[in-house]
Amino acid sequence: MENNRMREARTKLHLSQGELARQIGVSRQTINMIENGGYNPTIELCIRICRALGLTLNDLFWEE
Amino acid sequence: MFYDERIELERGKIARNGILLATLYALLCGMLRWMNVLLNMDGSHTYPKSYYYLPVWFEIAVAVTGLVCLAVGLFFSLGRPKDERLTAECAAYWRRAGTLQLFVSLAALALFYPLSLLVQTNINYAAVDTMQVAVNLFLLLAAYVAFAFKERDIYFNYAALESPRYGLAVLKNLGKLGILTLCGLGISCRSTALGALWLQHTRIPEMLLASLLLWLLIFIILAITYTMLSVLERLSYEKRRVLSGATFATLLLVILLRAAYTAVEALLLNSGATMVEQLIALNYFAWLPLAAGFWFVLFLIYFYHEYRETGRDRLARVGFLLVLGAEVPGGALDFLLSVFQMIFHRSIIENIEQNLLFGKINGWLAAFTYLVFLAGFVLLIAGPVRRALVGKKHLIPATLLTAVALGVEIFLYTQLHGNTLLLIRDGIALIRQLYLALFLFLLSRSISEGDSAAIRE
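Cut-offs applied
Residues numbered from 1 in each chain as written. Chains lettered and ligands numbered in written order. Predicted model: local features only at pLDDT ≥ 70, side-chain atom pairs only at ≥ 80, totals over all residues. Heavy atoms only, no water. Phe/Tyr/Trp six-rings, centres within 6.5 Å; stacked < 30°, edge-to-face > 60°. Contact = heavy atoms within 4.5 Å. Buried area = accessible area lost by both parts, 1.4 Å probe. Salt bridge = Lys/Arg side-chain N within 4 Å of Asp/Glu carboxyl O. Polar contact = N/O pair within 3.5 Å; in protein donor to acceptor, adjacent residues only side chain to side chain. Helix = DSSP H or I, 4+ residues; strand = E, 2+ residues; numbered from the N terminus. Nonpolar A, V, L, I, M, F, W, Y, C, P; charged D, E, K, R; others polar. Buried < 20%, exposed > 50% of the residue type's maximum accessible area, 1.4 Å probe, protein only. Core = buried A, V, L, I, M, F, W, Y, C linked by side-chain atoms within 4.5 Å.

1. Thoughts on the packing of aromatic side chains
Within a pair of aromatic rings, the relevant descriptors are the distance that separates the centres and the angle that separates the planes. Inspection of the entire model under this criterion finds five aromatic pairs over all chains. Ring plane angle 45° and centroid distance 5.8 Å describe the contact between Phe149(B) and Phe156(B), whose orientation is recorded as tilted.

Below, the structure is given as structure tokens:
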């Protein structure tokens, strides 16, 4: 399932996928796959993404 | 700190599949080569017991390591809850197991190659050399890893891909490869000295030369494969067309290497040497068509994925896979058949009917892989033509050429035998690769022009 909230949060901070990937320490492709729903990150990676974007797990990954 | 859990998980899966592939290959090749030794030993002499299993110690080492790794991996997760932590631990295990099997394979090759060569020359039987077996295995694994990496969108040189010093990073890795092969050479030299004591021979200079040649060849083949992979990864990562002018020129060079082997084969066949002498000499050059075939496959793999990313015709993608299937498994099957054929080498020479039978088996296998290739090629070009990416002017001559080549090959198999047939078959395989490369280049140009036109609109 696509994660549009993550994509919106990233673009609000004017970060490209590559820049976010470098901050977190993962590949650009992994960020792309998470946003497009092609990969389910572990809780550890979810937390790293949330810290980089300044949001909570609920904000980015909770299914409504 | 760079740690990408997705990449680590995928690398674990790829390592597991690679271990399985290597183990199956080693088991099959080992059995066939051992039968070759048993059935071709001259019954009038009594040989030491070690002579009967030394030639296949490389395969035994690879197979045993693989079976142990697979068994441990199978029981690793039994009785444990299946969660993220277990998945990560399993992936880490398979990566380490894959590295272990790789190093054991290289060490086994270094240790046993001089000894197996000595046994072969002592009892004077024709066999597929351990070097060919090892090179074939490494290239098969390289082709699988390249395909699997690209399929999962991960990269071999990830740490340096975005760096402006990418070339330097590649050179550093080539240096590490050089050190690894020097270690292998060192072990082989030691093994030669041990063999002199154990098997009581005095052929130390010949064995040392053979070991030097082996490790030089392994370094050349792995270095070229890694360099090609690095170039293709960089082009692919930057979304540039893989089959550009420069890479097309490299592809032609690969095809020329295969042509060089055919030329060497032709020279040997007309030199008046005995069949055993020809086979031993060809063993040292047999890596040429093997390596050239796999390098060609690397380009196909990257081009296939590039083509797939454009979202083009599904039939053409199936066509690509069929073409890949003809080149890789077809090439590996061909190699295993030559190993199998060596089992009956003595009886083939003496018995003309068996000689003809094996000629026919070779012929049917080649015809089958060619039909698979032809089906894939037709699907490959039909799709783009239908979408008007490539003009019909390319379809008609390509199809006609393919049909004519197939017809000629079938006719030749029914009329010709022996050495002439081998040469003609290799020549046709070269032509096949040439027009496939040309077609892919034209397709790549058409896609680029189509993309440029879309951007302008």
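Resuming the write-up.
2. Digging into the interface of chain B and chain A
By a frequent convention, interface size equals the accessible area lost on bringing the separate parts together. Contact residues are listed per partner, giving 14 residues for chain B and 15 residues for chain A. Of the roughly 1,200 Å² buried at the junction of chain B and chain A (both faces included), carbon and sulfur atoms supply 42%. Of all residues in chain B, the largest losses of buried area upon contact with chain A belong to Glu5(B), Arg6(B) and Glu84(B), amounting jointly to 43% of the total for that side. Counting across the chain B and chain A interface gives zero salt bridges. Our enumeration of links across chain B and chain A arrives at eight residue pairs in polar contact (both at pLDDT 80 or more). If you tally residues by element for the side of chain B that touches chain A, the top one is helix H1 (residues 5-40) of chain B, at four residues. Tallied by class, residues from the side of chain B that touches chain A come to eight nonpolar, no polar and six charged.

3. Some remarks on the environment of Pro114(B)
Residues and elements named next belong to chain B. Tracing the chain through its elements places Pro114 in helix H3 (residues 84-123). Judged by its relative accessible area of 2%, Pro114 falls in the buried class. Excluding anything up to four places from it in sequence, Pro114 contacts Leu109, Ser188, Ser191, Thr192, Met207 and Ser211.

4. Some details on the nonpolar core
With 60 residues, the main nonpolar core has Phe58(B), Leu109(B) and Trp215(B) as its most contacted residues. Once residues within four sequence positions are removed from consideration, Phe58(B) is found in contact with Ser105(B), Ala108(B), Leu109(B), Phe112(B), Thr130(B), Val133(B), Ala134(B) and Leu137(B). In this structure, Ala9(A), Ala21(A), Ile34(A) and Ala91(B) belong to the second largest nonpolar core, which totals 17 residues.

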